[in-house]
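# A structural walkthrough
These are the residues of each chain, in order.
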Amino acid sequence: MPTHERIVELLRKRGALTRADLVRLLGVSRATVSTAVGALQRGGLVVETSPATSTWLPQPGRPGALLTLNPSAGAAVGIDFGHTHVRVVIADLAHTVLAEAHEPLARDHDARQAMATAAELTECLLADTDVDRAKVIGVGAGLPGPVDAHTGTIGSSSIAPSWVGLRPADDLATLLDLPVMVDNVANLGALAEFVWGAGQGAKVCAYLKLGTGVGAGIVIDGRLYRGAGGTAAEFGHVTVDPAGEICRCGNRGCLETFVGVPALLGQLQGQYGPNLTAARMIRLATDGDRRSARALADAGHRVGAAAAVLCNLLNPDRVIIGGELAAAGEIMLGPLRAALERDSLPFVHAQAAVLLGKAGDRAEALGAIALVLHSTNRHVARP
Ligand SMILES: [Zn+2]
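For clarity, every value in this text was computed on a predicted model and none was experimentally measured.

Criteria and thresholds
Residues numbered from 1 in each chain as written. Predicted model: local features only at pLDDT ≥ 70, side-chain atom pairs only at ≥ 80, totals over all residues. Heavy atoms only, no water. Pairing = 2+ DSSP bridges. Helix = DSSP H or I, 4+ residues; strand = E, 2+ residues; numbered from the N terminus. Axes fitted to C-alpha atoms, helices over the stretch in contact; angles between N-to-C directions. Contact = heavy atoms within 4.5 Å. Buried < 20%, exposed > 50% of the residue type's maximum accessible area, 1.4 Å probe, protein only. Lys, Arg positive; Asp, Glu negative; His and termini not counted. Salt bridge = Lys/Arg side-chain N within 4 Å of Asp/Glu carboxyl O. Polar contact = N/O pair within 3.5 Å; in protein donor to acceptor, adjacent residues only side chain to side chain. Donors = N, O, S within 2.8 Å, 3.2 Å for Na, K, Ca; no water. Tetrahedral: all angles 85-135°; square planar, octahedral: opposite > 155°, others 65-115°. Expected span 1.5 Å × (residues − 1). pLDDT = per-residue confidence, 0-100.

## A closer look at the sheet that holds strand β4 (residues 85-92)
Ordered in space as β5-β4-β3-β6-β7, the five strands form an open sheet in which the pairing is mixed. The strands lining the two open edges of the sheet, one partner per strand, are β5 (97-104) and β7 (180-184). Sheet twist, expressed as the average angle between the axes of neighbouring strands with direction ignored, equals 15°. By the bridge criterion, five bridges tie strand β6 (residues 136-143) to β7 in an arrangement that is parallel. Residue L143 lies in a different strand from β7, and its bridge partner there is N184. Lying over the sheet, helix α6 (residues 168-176) contacts β3 (75-81), β6 and β7, oriented at roughly 145° with respect to β7. Sitting on the sheet, helix α7 (residues 185-196) touches β3, β6 and β7, and the angle it makes with β7 is about 100°.

## A few points about the sheet that holds strand β10 (residues 223-224)
Note on sheets: strands pair through backbone hydrogen bonds, and any given pair is parallel or antiparallel. Here we have five strands laid out as an open sheet, ordered β10-β9-β8-β11-β12, and mixed in their pairing. Because the sheet does not close on itself, it has two edges, and the strands there are β10 and β12 (353-356). Where strand β8 (residues 204-210) meets strand β9 (residues 214-220), seven bridges bridge the pair, whose relative direction is antiparallel. The partner of C205 across the bridge, within β9, is V219.

## Quick word on the side chain of D80
Examined against the element boundaries, D80 turns out to sit in strand β3. Of the buried charged residues, D80 lacks a salt bridge, with R87 as the closest side chain of opposite charge at 4.6 Å. A polar contact of 2.8 Å, which involves the side chain of D80, links it to the side chain of H85. Those residues in contact with D80 that sit more than four places away from it in its chain are H85, V86, R87, G142, V185, D361, E364 and A365.

## Here's the deal with the coordination of the zinc ion
Around the zinc ion, the donor atoms from the protein are H237 (ND1), C247 (SG), C249 (SG) and C254 (SG), and they sit 2.0 to 2.3 Å away. One can describe the site at the zinc ion as tetrahedral: its four donor atoms subtend angles covering 105 to 123° at the metal. Read from N- to C-terminus, the donor residues coordinating the zinc ion fall into the pattern H-x9-C-x1-C-x4-C. Looking at C249, the relative accessible area reads 33%, which means it is partly exposed.

## With respect to helix α12 (residues 330-343)
Residue pairs spaced three or four apart in an α-helix point in one direction, given the helix's 3.6 residues per turn. Taking 1.5 Å per residue as the helical rise, α12 with its 14 residues ought to reach 20 Å, and the 19 Å between its terminal C-alpha atoms agrees with that figure. Looking at the buried residues of α12, the elements they touch are β8, α11 (290-314), β11 (318-322), α13 (346-351) and β12.

## Brief notes about the confidence of the model for the protein
Of all residues in the protein, 93% attain a pLDDT of 70 or more, and the chain-wide mean is 88. In the predicted structure, residues 377-383 sits below a pLDDT of 50 and forms 21 contacts with residues beyond four places in sequence or in another chain.

## Remarks on the pattern of salt bridges
All told, the structure shown has 15 salt bridges when counted by the stated rule. Here R87 and D361 are joined by a salt bridge, their closest N and O atoms 3.6 Å apart. In this pair, R87 is assigned in strand β4 and D361 in the loop between β12 and α14 (363-375), connecting sequence segments 274 residues apart. Among the residues examined, D361 registers a relative accessible area of 53% and is labelled exposed. Where E123 meets R133, a salt bridge forms, and the shortest distance between an N and an O atom there is 3.0 Å. Of this pair, E123 sits in helix α5 (residues 111-129) while R133 sits in the loop between α5 and β6, placing them 10 residues apart in sequence. Given a relative accessible area of 35%, E123 falls into the partly exposed group. One salt-bridge network, in which partners are shared between bridges, spans R87, E100, D361 and R362.

## Regarding the environment of V88
Summarising the element assignment, V88 is placed in strand β4. Spatially, the C-alpha atom of V88 lies 9.1 Å from that of A119, the residues being 31 residues apart in sequence. Dropping the residues within four chain positions of it, V88 is found in contact with V77, G78, I79, A99, E100, A101, A118, L121, T122 and L125.

Written out as structure tokens, the structure is:
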């Protein structure tokens, strides 16, 4: 691939980069990068930008002028279907968010209704931002369950039953009249953190999503690792106790049955009533409530022990904690780090920096945009 095409591809996948970053990532000389960037700038595909305007997350340690794809060259749409919400984000090719919106969904919502809501939000945002649909290079959507890479259907261990067996990529593409690609939310969280958040620059990035469901996404050398069939990194269904509770996947004693939000709330609802939420549990723990803090610390310990296996196998340099429970911060992270250190090989945990994710509740929608920017071979919009 010629250097200028490789530069466009890197800017599409990584966002803003300096000329020095390009020299390092491409393994070519400064002069080669300068010549190719000059040609791309004259052609209007690449622009120089200041760090303050290029992204919405900090990019420390990046001196020098930042290069991005020309924002007006196209746009991507990211949709996050959560258990109780749908969120839509529109970004340009420079990875800058142009607009976002979200709507609540009922916990046992109908998947088709959720897709119709997402399509309406998308139309509104495209109109608000004056983005021509011909400029949209693709729509990414995050779904709360494993997506079969071959058939595009949602696997049966999905938390949201009305999605099982559907082909949301096809259905959404029909509703929106735009190309749509789907992936599970843990994979998208991993991509979002790699592109914009705590995973920037990592060689092997393991993202652990701790929420109602427990999952993981693994980015190796800038690419999401999906496995043979698209369902790799089902971290929540690692068996931690063969005599444990039956899991929604049909197995027994999966990690998720110990550390998923319903499991933690179940331990505390006797004290705090049936309306206890994850956010309130975390607030109680932060305010010094010993029971809530203990539930979160034990969860951190369990996750750390399971993460040690993952780290021994993959030797990541970054382990990023995301999802609803990440808000517990050090209450959970301390025990997590301790168990990881205890149960993994010394050189493995010495290399694995454990960090909180930075993308917060936008991680999935941002990751859906990254999915589009990573997957399409189209550098710019349709003519
Ligand atoms: Zn399971």
